[in-house]
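Descriptive analysis of the structure
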Amino acid sequence: MAATLLVVACFARCSKSVNKIEKPVAAIPEQVNAQQSLATAAVSTYTYTVKTTDWMVDGTKIPAGATIYVPAGKRGSLLLKNLKGTAVAPIIIINKGGRVSFTTETTASYAFKTQNCQYFKVMGNGVSTIKYGFDVNGGNIGMTMDDLSTDFEIAAVEVRNSGFAGIMAKTDPTCDVATQRGRFVMKNVFIHDNYVHKTGGEGLYIGNSFYEDGVSTSCGTVLPHDVVNAKIYRNLVDSTGSEGIQVGSATSGCEIYSNTVKNPGRSPFSAYQDNGIQIGEGTGGKCYNNLVKNAPGNGIIVLGWGDNVVFNNYIINTKSYGIFADSRYTPGKNFQFINNTIIGSVLGGIKLNSETIPMNTVINNVLIQSASVQAIIRKSTGVKLTASNNYVSTDVNTCKFVNYGADNFHLQSSSPLINKGANVLSYGIKFDYYNAVRPSGSAFDIGATEY
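The text that follows walks through the structure, step by step, so that each part is easy to find. Just so it is clear, the model here is predicted, and its values are computed rather than measured.

Looking at the pattern of salt bridges
Pairs can form between side chains of opposite charge once their charged atoms are near each other. Throughout the structure, instances matching the rule amount to 15 salt bridges. One salt bridge in this structure joins Arg99 and Glu158, with 2.8 Å as the shortest N-O distance. Separated by 59 residues along the polypeptide, Arg99 in strand β6 (residues 91-103) and Glu158 in strand β12 (residues 157-160) bring together distant segments of the chain. Judged by its relative accessible area of 32%, Arg99 falls in the partly exposed class. Given a relative accessible area of 11%, Glu158 falls into the buried group.

In structure tokens, the structure reads:
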């Protein structure tokens, strides 16, 4: 038994300076050129303009590849239903002539909703000089992609002042078998480059939270649908009532990356709903290159599938743990926490309650916190752990960032993190927080940034 449960506890305290590496750092082709969206252009000449007085558009007669224009100005909530694009000809919903503000009370169900729609794009980039051409202001849920909606992209949208979630994407299971696991899969979900703030609940709420146990209904317990190929990236999420980003039931192809989450969990509706990013039940894949600051709970909480790789994240000033892992439903083999930088977490750096996962891997992380707490904490000896090349200190200044106070996390040439990491290419870690190649020198660096 002992031979099979490899436990290596090696926390490197490094202080040796290295010479500056002169060779240029190249971009990572697969990061820069990855196509993380649906087809980008309309292929039909058909256009439809939504009137300011319209509260609903039925797309039954709108062809694939069409463009739906929403004219600039203030308007009420909008429901889009029965839009049916295709993979090569999605229907594009875009602002025209300026910024569109969908404004309603927080007591209203939604400000923007889709119902039974497939292959569509909601894009607030209709005017090049306006960063967020759609402004979704109010509603209990600001934007909701609901009622069997799938294959969609949401970008360049500002969502604010919602009573509950900012952007929600899921179809909760009911007694209608069409909504249940095995019948419906929500797939190809691309949510990126949005600004979500001042929400009553989660900022981004993707997929159902109860993957294993399901939902109680009048016809018994029913299971929620899978989410496949969800890409959540480059969103700015600030001042949310509960988690900044929460993804559940995303069983394959999920990536949560390059998001900034600040000040989540301001007024959680229940205990422990105050984390930065939640990788919920049934969710696998990758979580990387995110910045999480000032979470009252955990920076990143992992309850996932068991094929989870969490890397290159900066997690700063959380009141609980930097990363918290719990194996509630984990048919997979690994939780892997690699090259993260965790600073100022009050209760400790990485807390592992994941007793049923076959192996927890903790490599090349920077853990800066009070001397009164542990860097890596196991719930019990039943937590299987491989840990190596982690840098532990009580002083962030020892890392030698270029300008930590201004969120410039590049390393000075005298940083003790340089060339002191383990080789993690076998885990798929080929780039850093800034998308620079790993390794750039003779060995890997510790933490989220490569020198």
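As for the packing of aromatic side chains
For the structure shown, the criterion picks out 24 aromatic pairs. Ring centres of Phe102 and Phe134 lie 5.6 Å apart, and the angle between their planes is 55°; on these two criteria the pair is classed as tilted. Of this pair, Phe102 sits in strand β6 while Phe134 sits in strand β9 (residues 134-137), and the two are 32 residues apart along the sequence. Pair check on accessibility: Phe102 and Phe134 agree, each one buried.

A look at the sheet that holds strand β16 (residues 204-206)
Reading across from one edge, β3-β5-β7-β10-β13-β16-β21-β25-β28-β31-β34-β37 is the order of the 12 strands in this open sheet, with parallel pairing throughout. Of all strands in the sheet, those bounded by a partner on one side alone are β3 (56-58) and β37 (376-378). This sheet shows a mean twist of 10° between the axes of neighbouring strands, independent of strand direction.

Considering the state of the cysteines
Enumeration according to the criterion identifies one disulfide in this entry. The disulfide that involves Cys175 links it to Cys219, with 2.2 Å between the sulfurs. Residues Cys175 and Cys219 are joined by a disulfide whose S-S torsion is about -115°; by sign, that bridge is left-handed. Highlighted residues: Cys175 in the loop between β13 (167-169) and β14 (185-192) and Cys219 in the loop between β17 (215-217) and β18 (220-222), separated in sequence by 44 residues. With a relative accessible area of 36%, Cys175 lands in the partly exposed category. Cysteine Cys287 is unpaired, with the sulfur of Cys254 as its nearest cysteine sulfur at 8.4 Å.

Concerning the pairing of β9
Side chains Phe134 and Val136 of β9 all project onto a buried face; the interleaved residues Asp135 and Asn137 project onto the opposite face, where all are buried too. Here four bridges tie β6 to β9, and the two strands are oriented parallel to one another. Across the sheet, the residue bridging to Thr103 is Asn137, located in β9. Sheet analysis places β9 next to β12, joined by four bridges and oriented parallel. For Val136, the partnering residue across the bridge sits in β12 and is Val159.

About the criteria used
Residues numbered from 1 in each chain as written. Predicted model: local features only at pLDDT ≥ 70, side-chain atom pairs only at ≥ 80, totals over all residues. Heavy atoms only, no water. Salt bridge = Lys/Arg side-chain N within 4 Å of Asp/Glu carboxyl O. Helix = DSSP H or I, 4+ residues; strand = E, 2+ residues; numbered from the N terminus. Buried < 20%, exposed > 50% of the residue type's maximum accessible area, 1.4 Å probe, protein only. Phe/Tyr/Trp six-rings, centres within 6.5 Å; stacked < 30°, edge-to-face > 60°. Pairing = 2+ DSSP bridges. Axes fitted to C-alpha atoms, helices over the stretch in contact; angles between N-to-C directions. Disulfide = S-S within 2.5 Å.

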